[in-house]
Structure formats: structure tokens, C-alpha cells
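An overview of the molecular structure
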Amino acid sequence: MRSAAAVQEHAGAGVQPEVILEVKDLRSYLFTKRATIKAVDGVSFYLRRGETLGIVGESGSGKSIMALSLLQMEPKPAGRIVGGEVLFHGDDLLRKSQGEMRKVRGRRISMILQDPQTSLNPVFTIGNQLAEAFVTGQQESGRGRVAKAVVDVLRKVNIADPERRVTAFPHQLSGGMKQRVVGAIAISCSPDIVIADEPTTSLDLTIQAQYLRLIKQLQDTTGVGVIFITHDFGIVAKMCDRVAVMYAGKIVEHGPVRSLFNHPSHPYTQALINSVPKLEERTERLYSIPGQPPAPGQELVGCRFAARCEFADERCRQEYPPQFEGLSRESEHTADCWRLEDPTWRPIPH
Amino acid sequence: MASDPTLRVEELRRHFPVTSWRRFRKTTSLVKAVDGLSFDVGQGETVALVGESGCGKTTTAKLILALDVPTSGTIMLGDTNVQNLRGEAYRHYREQVQAVFQDPWSSLNPRMRVKEIVSEPLVVNRKRSRREVHARVAEVLDAVGLNPAHADRFPHEFSGGQRQRIALASALSSDPKLIILDEPVSSLDVSIRAQTMNLFRDLQGQFNVSYLLIVHDLAVARYMSDEVAVMYLGKIVEHARTEDLFRDPRHPYTKALFAAALPGHPDVQREEIILEGEVPSPIDPPPGCPFHPRCPMKIGEICETTVPALRTHEGRHAVSCHLYDEEAAATGTAEA
Amino acid sequence: MSEAQASAVGAGPTKARLLWRQLRELPLLPIAIILVVLVIPAIFAESLAPHNPYSGSLRARLQPPAFLGGPSEFLLGTDHQGRDVFSRIIFGSRIAIAVAGAGILIGGTIGTTLGLIAGYFRGFAETVVTRLVDLTLSIPAILVALVVAAAIGARFSAVVAIVALVLWAVYARQVRAEALKWAQSDFVARARVAGASHFRIIVRHILPNIANTLIVLSTLQVGFVIVFEGSLSFLGVGIPRPNPAWGLMVADGRIHVVSAWWIAFFPGLAIMLTVLSVNMLGDWLRDRLDPKLTQV
């Protein structure tokens, strides 16, 4: 169920693969006439080679803006990255010019967006669009070689009969196939990292299963690292090695997936997990989180979740909590919550 | 289930002819969106229709809501046949069956005030005094957890979760017997879904209303419904009380759906069943069992030629599959 | 629009301040021009115009504007019949408003009604209406004008009728597309489930939601109508003489365009300023009222 690299590590090799992406205190704001929205407000995480990281958050948490900011693609004209570093193999992507970023996007780091309808250009065949990806990525040149590369990559994403499919237009394909073509474009240049923003939201259940299996296969064969942006803990449970939970522009909890599910340490994480109905067991009553996420543009002081948290006190509302490490005996499991000053404390709902 | 069911659907069919220009508008193929559907919804109970796109659940909803006319079959609400309703009977039906749709943003007229939206089922069907309408609006708004004083506001002043509550209040205002919930929480934020689902459950008891829940998320179906019917290409392939279905899924498609559903924990062990191929289209479905082209447990020729009957086994657990026919025939426990 | 964004409005500024902020966002220049050139003259014509627009003395014909050396009582000069150009322009604003107003009202009402029926009911009604629209839009308007003028003579009612005949199709086409879209919304489905009649749905659910489109469309048609009236008058099938319709004034000033250019120039300027500012207002309204553009 995990990527090859992580499985190897788990098998007791002891040596973690190198960190290829490190995000430090990323801040990306939206400057609108009404207010300044601190969409991403000091986010830090990292990704190792071949690993799958899940970024979980609801709408308004800032996860999509953060994904775009990693590649300097924040929405214009309102969006602006105001601080932080995005170190890709030690190189800060935020310091690069747009021209230099073009060499990174699609080639070293690629992105899959949620809606396959708008990801593909409706007036060009998929063969055409894939060929363009290869040529601009300078992976191949010469018509013969490009054509072969296109058919190969279509086969890699399990599209049957690829020689015939290259002449198809996007509207002739089903949703699942379109998403696979988008995936093919994303891996065409053998990137180190693929950022996938809610890639399965519009897919049927059984098609989603095929698609997720495909991503795992690709990871096993190419060792590509994947960042999953999602609101669904199920995707995280199935696909990810590590998880970061985002709320109102900040990462509130972060850790290896099992550790997080077994010992959720931040009240928001705990509440979220408890408010999702389970397939495997009968739930008497779901826990529902009171209140609403904070309105964007509101100036926030202290812990962002305090207003909805049953464990919050005055200090939580005034001061943003520090990060506590070593939760559940995993050094990589961290959470930002004042209650964790007591190392035995866990957010058990009343 | 001693009392009569609220809704009874029998052999419901909805076929759409596809005409071809080239052959002078002759019917060249048939989209069998709903193809022989039969089920009941008991009083005060929730039945979930589960399936992927193309299975016909949306068409079924439209037929029951009298937004479309069936090709054949019957829909009975209590002892009223839904077809050919006129005048008083038609208006009565409209009051008795309501709906809440998926998208909270397009479900409410942006130019109407909340009180007008909520009272619409009340005012269009019969003459009511202003006082009566006002009182009922306040009552249902309060029931869904909204402040009746906000009834003069417009929908855009409310959040997505609140808008679904307004839609529910509107559905409840005429005191219906049946409400169709079409993906009622899929468009809401995860943290809002729980409170909304709890609200639906609580109000079911309070207003004694039945729900027909149309949903693709199996976990939501498990949480909210008393019975589940799994649909594929316009037919029901398995139908059972919720706990029976989830403990013991029998049809190969049901098992594949369960395997495909996302786990609640990384350590969940599942049988890995991945279906090949695409979700089928209901245009000219193949003969025999609708699932046979993708079925990992296909027996053989019988699957390709004969539609398996929906046989009810012990505990009211019905399956439409030759595997169980043979077993049942062998052990002699099948009932027609 | 996420849940969080929907509740983003804070309790901060007072109502007065909000009003002031909204006023500042108005496109002041176009509104000012429209007021000066069109609205104020139309209302206060009798007080503002120094001379009678219909009568002039032949002794004072073809006088240049006061600022170019002509007699000081004729601000913008006189025309070939000795009438004061300035006064005629002021009174002409009434004709412009009347023609545009009546034409848009009648044409708009007919077009909207047919468009709603076509878009909501579809089927045969839709086919008939769309064919009629195609037909109307493909016949040159001038031809229609000539025919109508031949039938009932050149007069105010003829001009309004011609304008309505041309405009209805523009409205019908746009309204049909919008009605089609709105008829598929969930809230329309819910209204039907609630038992609402077709009439109620069209009037209470669809019409209010296309109101914005109608407003924008109408502002943009004003410009067209004024210019169109000018062309009709130019051809002699518009507003009859001696009425001071701007288009007619341009037509009459054609012969003198080299020598007494002011006869055609100033009414032409009035037309241009009006059409320009109404179009700018229409564009601003369209951007302002378009819900898609207001989302983050």
C-alpha cells in the first residue's frame, strides 16, 4: 500500500531517503479591495524522495493556494507570496525568475488539478497535447521519437489501445480516462514530484480505485514523490506515508499516517476524524464540530481553531501555540496546541 | 414492517429513444436509464439508492418527483397512483413529496427571500392565511436550527450548510410523507456534513417523514439509512437492510464497490477488487446480467444470456445474481 | 464560493459610509454627460432654451456660433431656416428619450416575453421563435423602415414601430438563452416539485434572475436606437420635419457641411456623447452585475 521507498524504509533499512522538497514558513496572501486574506500563513513541511505526503484541509484552509504557491503560480492579480522558502534540492524556488520556473514546472515538478475538463484543451487531440508536453519539456525531439514516447506514456497510464487513442479529442473520453491523460502529461518528463490537487473528486468510486492504483504503480516504477492535496481522510489513509492537516492557513498537525490516525493530537484533527462516517462500522452518532471556519480576511490572533475548540482557554485565544514534537513516540509527529504541554494529554471529546 | 409502505415502486422503467437524423428520425437505440426497478420505502424510514454515474438513480428520483413520466411500471404513494394525477389529487401529491438537492448554491432562488422560498410548497397548492404561513415558516426554520427572524434575508447571506437547512425547511413546510435527498451533503465542507446528517436524522423522527436517499458515498448510506439498494445500469442488483448489507455483501458489484471505497484507517485490510473498464452507459445495454462484461466472478454463458431474477433470501436480503441462484437452487432455500 | 467567504462581511462601517463607498464606485463621467446632454435638457427644455426651436427668421439664417464671431444670442449658430441650433439640440433630447424609451419598452417587452416562452417551454415554441428571430435579424432594418414609412407615412409612431420591430429579436435571442439556463437550475426543479405553475415559475423564478441582463441590454440598445433614428431621419423616413430630432438635424446640415458646418456638427456631437456615455454606463453595469466577476 505504500510507495516502494517507504516500504523499504519500514522494512528496517533505517536510512530515510533524502529530503527533496523543504517548505519553510511559506506565506502567501491574497490582497483584495475588501481585506487582505492570509491564505497561507507560515506553512512548513518536507517531502522525501519517493514519498507520498497528504495535505488535508477543508475549503478555506488555504491548501490549494499553497499548492499553487509552491510553483509561483499564485492567483493573480490578488495573490502574492510574501515570505518563506521552498527549497527544491536545496534551491529556493521562490527566488527564481518566471523564466527559470518554466524549466521547473512540468519538468521537475508537475501538477494535476481537480477538474479534468479544464485541464485539457478541447480543440486539440490528446496525442497532440502529450506531444507538446514532451517537446516543451525537451525530453524528446523528432516526430518519430515523440510519437513513440506518447504511445508509451499512454500505455503506462493503462489506457488500452493507445495507438488508436492518440487521435481522440478530450470530449470523446470518459472522466476517468481524461484524468489519466492529465496524469500522463504530468509524468511525461519524469518529474521528481507530482502535486495532485483533489484529482479524484469528480470520479466515480470504481474509477477512483483504478486511478489510485495507477498512481501507486507509477510511484513503484518511477520513484516519483507525490503531494496529495485533499479534504478526504480516506485518500490519506489509503495512499499517504505522512500527513499534514491544514486549518485557516496553518498546519496544525503533521506526522506519519499511522501515528496520526492512532493518536490524533490536535483537537481539530480529532474532531475531523470523528465527524466522518465510517464504512467499516456502525456509528451511533457523528461528532459535529460547532461553529464555522473563520471568515477569510478576518484578523486572527492566537490559535485559529480556538473559537470552535472545546479545550480552548484564554491563552489559546491570545497566543498562537508552539509546535510540540515527539507525539506518540514519533519524532516526526508534531502538533500546535497549548494542551500538549502536558505530554500525556489527548483530545478526547466529552 | 407492519404498516403499509409510504412509497411503492414496481417494475419501473424509463427508456429514452435515441433517434437518428440519417434514418429519418427512426429510433436507432434505446437508453434504458431505469429498467425494471422495484422497491418500497417504509413509513418514517430511510432507503438509500447507491450507485455510480449512469446507474439511473437520478432518473428514478425525477420519476418519483413527477418531473418525468415513466415508460412503464407504477409508483404508488400510499394508495395514490402517481400517474395521471389531476387537479386536487395532483396538488395533494405535490404537498406530499418534496426534495433536497445536492448543490446548496443553485437550490435556492437568489432573488427570493428565505421566507418566500420556505413557504412556496404551502402557498402554491392551496389558499392559506398569512398568519398560518408565517407561523409554519417560523416553526420549520426553528426546527432546522435557523433563527426565524432571519426569514427576510436572501440566500447569499447564508453559508452552504445553512442553505441546505433552508432547503430542508422548505421541503418540510407542507408536512410531506416523503422527501428525496439527492446527494444532500456531497457539496458541503467535511466539518459541516456531520451536523447536517445529524439534523436530517433528528428531524425524521420529529416530523415522521420517510427519506429516499440518493448517494454514492457508502459510509453516508450506512450512517443514514435503514435499507440500501445497490443499482447498476437501471436495475437493482442487491437490496437489504443496511446492517445486513454491510456485514455480508453478496453481489460481485457490491463487493467491488466496498473494495473501492476509501478506508477509514490506514490499517484496514480489504480484499483488492479492481474492476476493469469504464462505468457503462445505459445505451443499448448487453443482454443478460447488466454486470457481466465487468464481473470478476462471471460463471459463464448463463450470465450473458439470462437476467438473474432478484431473489430474496433469508432476512429480506435480495440479490440478483446467478451465483446465488445456483446455490439457492442447490440448497433449496430460495423464495421467488 | 466557499462557506467561509459567504460570511465574510464584517459589522464594521456605518450605513452612511457604505453608501458613500458605493457612490464613489459609480462611473461619474458617463453619468454626468448623460445628465447634461440628455436628462436635464429634456426636463427643463422650456427654461434652458433661449429661443423657440421651431421658428426662426430668415434674416438670421446660417449664422456662425457666438464663440466664432457670430451674434451672441445664438450660442451654437443658426441653421438654414434661421432657427437656433442650441435650442433645437435641447428640445431634441426629448425626442431622443421618447424614441429610445418607447422603442425599447415595446420591443423589449415583446422580445422578453417571446424569449421566455421559447427558453422555458422549448419544443415547437422555441423553433418558431428562433426562426422568427433569425429572419428579423437578417432583414436590413432600413428596408423595413422604408416599407413601414411607405405604409403609414413618416411619423413618430412609425419610428417607434420600426425600432420595436428590430429590437425585439435582440431581446428574444438573449432572453431565450438565459431562460434556458435558469430553467435548468435546481431551484426551478424544486419549485416544480412544490407544485408551482409554469406561469409562476417564469414570472417569479426566471424573470427576476434575468433582470440584470435586461438592464444591461437596454442600456446598450439606447445608443443603437439614437443612431438608428438618425439614419432613418437621414433617409427621410424618420421623425418628420420641422421637429428638432438630432438625426434630422444632421441630415439637414449635410448640404451645408462645408460652409455652415455647425448645423450638422453639434447635433452629431450630441449623438456621439450620448451614445458613448450610455455605452460606458452599460459596460460598467454589466461588469458590476455579473456574479462571476465578483467572486474571488
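From a predicted model like this one, the values you see are computed outputs, not experimental measurements.

Let us look at the overall build of chain B. Per the secondary structure count, chain B includes 11 helices and 12 strands. Taken over C-alpha atoms, the radius of gyration comes to 21 Å for chain B, in line with the 20 Å a tight globule of 336 residues would show. The principal-axis extent of the C-alpha atoms belonging to chain B is close to 65 × 60 × 45 Å. Relative to its full complement of 336 residues, chain B shows a buried share of 47%. When contacts within chain B are restricted to residue pairs at least 6 apart in sequence, long-range pairs at least 24 apart make up 64% of them.

Residue and element names in this part refer to chain A. Here eight strands make up an open sheet; going across it, the order is β6-β7-β8-β3-β9-β10-β12-β11 and the pairing mixed. At either end of the open sheet lies a strand with only one pairing partner, and these are β6 (109-112) and β11 (323-324). Two elements, β11 and strand β12 (residues 334-336), share two bridges in a ladder whose sense is antiparallel. From the neighbouring strand, Gln323 faces β12, where its bridge partner is Asp336. Where helix α2 (residues 63-70) meets the sheet, it contacts β3 (52-56), β7 (193-197), β8 (225-230) and β9 (242-247), and its direction lies at approximately 150 degrees from that of β7.

Our focus in this paragraph is the confidence of the model for chain B. Residue and element names in this part refer to chain B. Confidence along chain B averages 88 in pLDDT terms, with 93% of residues attaining 70 or more. Here helix α11 (residues 322-331) is the element of chain B with the lowest mean pLDDT, 68, and strand β3 (residues 46-50) is the one with the highest, 96. Across residues 332-336, confidence stays below pLDDT 50; counting only partners more than four residues off in sequence or on other chains, it has eight contacts.

Residues and elements named next belong to chain B. In terms of strand pairing, strand β4 (residues 72-77) meets strand β5 (residues 80-81) through two bridges, oriented antiparallel. Bridge pairing links Met76 to Asn81 in β5. Connecting β4 to the antiparallel partner β5 that follows it, the hairpin turn spans two residues, and Gly78 within it adopts a positive phi of roughly 65 degrees.

Let's shift gears to unusual backbone geometry. All names here are of chain A. Along the chain, Lys76 connects to Pro77 via a cis peptide bond; the corresponding omega equals 0 degrees. The topology assignment puts Pro77 in the loop between α2 and β4 (79-88). One non-glycine residue with positive phi stands out, namely Glu198, at about 45 degrees. Within the secondary structure, Glu198 is located in the loop between β7 and α9 (205-222).

This paragraph deals with the environment of C:Pro242. Structurally, C:Pro242 can be placed in the loop between α9 (198-235) and α10 (246-252). With 188 residues separating them in the primary sequence, C:Pro242 and C:Tyr54 have C-alpha atoms 6.6 Å apart.

What follows is about the pairing of β3(A). Residues and elements named next belong to chain A. When you tally the buried positions in β3, you get five out of five residues, the bulk of the element. Here four bridges tie β3 to β9, and the two strands are oriented parallel to one another. Paired with Leu53 across the two strands is Arg242, which belongs to β9.

Listed as interface residues are 36 residues of chain A and, on the opposing side, 32 residues of chain B. Of all the secondary-structure elements, those providing two or more residues to the side of chain A that touches chain B are α9, α10 (233-239) and α11 (257-262) of chain A. With seven residues, α9(A) is the largest single contributor of residues to the side of chain A that touches chain B. For the side of chain A that touches chain B, the per-class residue count stands at 14 nonpolar, 12 polar and 10 charged.

Reading the values: the criteria
- Residues numbered from 1 in each chain as written.
- Chains lettered and ligands numbered in written order.
- Predicted model: local features only at pLDDT ≥ 70, side-chain atom pairs only at ≥ 80, totals over all residues.
- Helix = DSSP H or I, 4+ residues; strand = E, 2+ residues; numbered from the N terminus.
- Rg over C-alpha atoms; globule rule 2.2 N^0.38 Å.
- Buried ≥ 20, exposed ≤ 12 C-beta atoms within 10 Å, placed from the backbone.
- Contact = placed C-beta atoms within 7 Å.
- Pairing = 2+ DSSP bridges.
- Axes fitted to C-alpha atoms, helices over the stretch in contact; angles between N-to-C directions.
- pLDDT = per-residue confidence, 0-100.
- Nonpolar A, V, L, I, M, F, W, Y, C, P; charged D, E, K, R; others polar.

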